[in-house]
Amino acid sequence: MSVFEYVRATVVSWRVNNQEQLFVSKQSVFDGKRPIRGGIPIVFPQFGPSNSGPQHGFARICRWELKKPPERLPTGDVEAMFQLLDNEYTRTMWNYPFSLTYRLILREKELHFNISVYNPGAETLSCNLLLHTYFKVPDVRRCQITGMRGCTYIDKTRENTLFQEHRDVVTIAEWTDRVYQNTPLEHIITNVVSGRKMRIQKYNFVDTVVWNPWLDKAKEIPDFGEEEFPNMVCVESGHVTSPIVLPPGTVFEASQILQVM
């Protein structure tokens with residue numbers, strides 16, 4: 001049995017066999033003005049700070065249209081669809097027409113995201129896109145993340161210096177904020193809820209961000225409890241180190257499948 005809940009197109013809960021798979025901070029604010037600290041917020045149109053809008057873009061604080069309410073299909077899967085179009089608010093920060101659509105499919109032990117960006121305008125668009133997934137874990141120090149060996153990464157804890165990953169598995173024992181580039185199509189996180197594994201499969205998301213604020217950085221985040229850092233890890237599928245370039249009339253499509261193993 002698999003169930004999900006969402007707030008303004010951010011998935012805030014995904015339970016498999018009644019066990020929560022996603023982390024949401026107890027101090028997260030659900031006022032519609034700030035992004036939710038947890039779940040799976042959508043980062044668009046830019047990753048990181050911006051001169052003209054909020055960090056990580058406006059998509060995660062906008063009100064999306066529910067194009068298709070959650071519906072059980074004949075296969076037993078549950079499907080829902082959301083859409084965000086440019087409006088007066090988005091154009092104050094990013095003056096381009098766009099259509100951002102994503103489809104959620106819930107299966108027995110899987111959560112599928114199919115997301116597309118369409119450029120209906122006359123100018124070429126350049127943007128970033130990322131699924132900022134917060135996984136719930138019993139103890140992040142016991143987790144291992146596969147699929148990074150040989151990849152270069154930008155280490156944001158060390159002045160954005162570029163390094164190469166030589167480990168077979170990535171482990172976390174300190175403040176970690178890395179953007180791994182040209183990552184493979186699959187990662188596995190060990191020791192998630194109940195000691196199980198989580199498989200991440202992705203298409204057209206060329207980068208993978210790994211983040212945990214650890215204690216000192218957690219203290220600096222107002223909507224994050226400083227004691228919560230051991231119980232989460234962000235492993236984020238995205239297209240962020242190089243921009244998505246969309247000529248007029250074209251569409252970019254990407255997807256992610258999360259599977260409890």
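As the structure is a computational prediction, the values presented were derived from the model and not from experiment.

Turning our eyes to something else, we now look at the overall build of the protein chain. Scanning the protein chain from terminus to terminus reveals two helices and 20 strands. In summary, the protein chain has a C-alpha radius of gyration of 18 Å against a globular reference of 18 Å for 261 residues, a match within 12%. With the C-alpha coordinates aligned to their principal axes, the bounding extent of the protein chain is approximately 50 × 50 × 35 Å. Here the protein chain holds 261 residues, and 52% of them are scored as buried. Sequence-distant contacts, at least 24 apart, represent 65% of the contacts inside the protein chain between residues at least 6 apart.

Moving on: the packing of aromatic side chains. Scanning the entire structure with this criterion turns up 17 aromatic pairs. Note on Tyr134 and Trp211: the rings are 6.2 Å apart at their centroids and 90° apart in plane angle, and the pair reads as edge-to-face. With Tyr134 in strand E10 (residues 134–136) and Trp211 in strand E18 (residues 207–212), this pair connects stretches of sequence that are 77 residues apart. Accessibility classification places Tyr134 together with Trp211 in one group, the buried group.

For a regular strand, the rule is simple: side chains alternate between the two faces of the sheet. Direction of pairing for strand E1 (residues 2–7) relative to strand E2 (residues 10–16): antiparallel, over a ladder of six bridges. Within the sheet, the bridge partner assigned to Tyr6 lies in E2 and is Val11. Connecting E1 to the antiparallel partner E2 that follows it, the hairpin turn spans two residues, and Arg8 within it adopts a positive phi of roughly 50°.

Let's shift gears to the sheet that holds E1. In spatial order, the strands read E1-E2-E3; together these three strands make up an open sheet with antiparallel pairing. This sheet does not close on itself; its edge strands, each paired only once, are E1 and strand E3 (19–20).

Below, the discussion takes up the nonpolar core. If you look at the biggest cluster of nonpolar residues, it comprises 67 residues, and the most contacted ones within it are Ile42, Phe44, Trp64, Leu100, Tyr102 and Leu129. Contact partners of Phe44, with chain neighbours within four places excluded, come to His56, Gly57, Phe58, Ala59, Trp94, Phe98, Leu100, Val117, Cys127, Asn128 and Leu129. Listed in part, the six residues of the second largest apolar core include Val43, Phe47, Leu130 and Val179.

What follows concerns the pairing of strand E7 (residues 99–106). E7 sits mainly inside the fold: seven of its eight residues count as buried. As judged from the eight bridges shared by strand E6 (residues 78–85) and E7, these two strands associate in the antiparallel manner. The residue of E7 that forms the bridge with Met81 is Arg103. Relative to strand E8 (residues 110–118), E7 runs antiparallel, the two being bridged by eight bridges. When the bridges of E8 are listed, Leu106 appears paired with Leu111. In this structure, the hairpin formed by E7 and E8 is closed by a connection of three residues.

Bringing the side chain of Asn119 into the picture now. Along the chain, the position of Asn119 falls in the loop between E8 and strand E9 (125–131). Separated by 2.9 Å, the side chain of Asn119 and the backbone nitrogen of Gly121 make a polar contact. In this structure the side chain of Asn119 is engaged in a polar contact, spanning 2.8 Å, whose partner is the backbone oxygen of Glu123. Not counting chain neighbours up to four residues away, the residues in contact with Asn119 comprise Pro97, Thr124, Leu125, Leu246, Pro247, Pro248, Gly249 and Thr250.

What follows deals with the environment of Arg34. Looking at the element boundaries, Arg34 is found in the loop between E3 and strand E4 (42–43). For Arg34, a relative accessible area of 45% corresponds to the partly exposed category. Expressed as a C-alpha distance, the spacing of Arg34 and Phe58, which sit 24 residues apart in the sequence, is 9.7 Å. Setting aside its immediate chain neighbours within four residues, Arg34 contacts Arg8, Val29 and Ile61.

Each value, and the rule that gives it
Residues numbered from 1 in each chain as written. Predicted model: local features only at pLDDT ≥ 70, side-chain atom pairs only at ≥ 80, totals over all residues. Heavy atoms only, no water. Helix = DSSP H or I, 4+ residues; strand = E, 2+ residues; numbered from the N terminus. Rg over C-alpha atoms; globule rule 2.2 N^0.38 Å. Buried < 20%, exposed > 50% of the residue type's maximum accessible area, 1.4 Å probe, protein only. Contact = heavy atoms within 4.5 Å. Phe/Tyr/Trp six-rings, centres within 6.5 Å; stacked < 30°, edge-to-face > 60°. Pairing = 2+ DSSP bridges. Core = buried A, V, L, I, M, F, W, Y, C linked by side-chain atoms within 4.5 Å. Polar contact = N/O pair within 3.5 Å; in protein donor to acceptor, adjacent residues only side chain to side chain.

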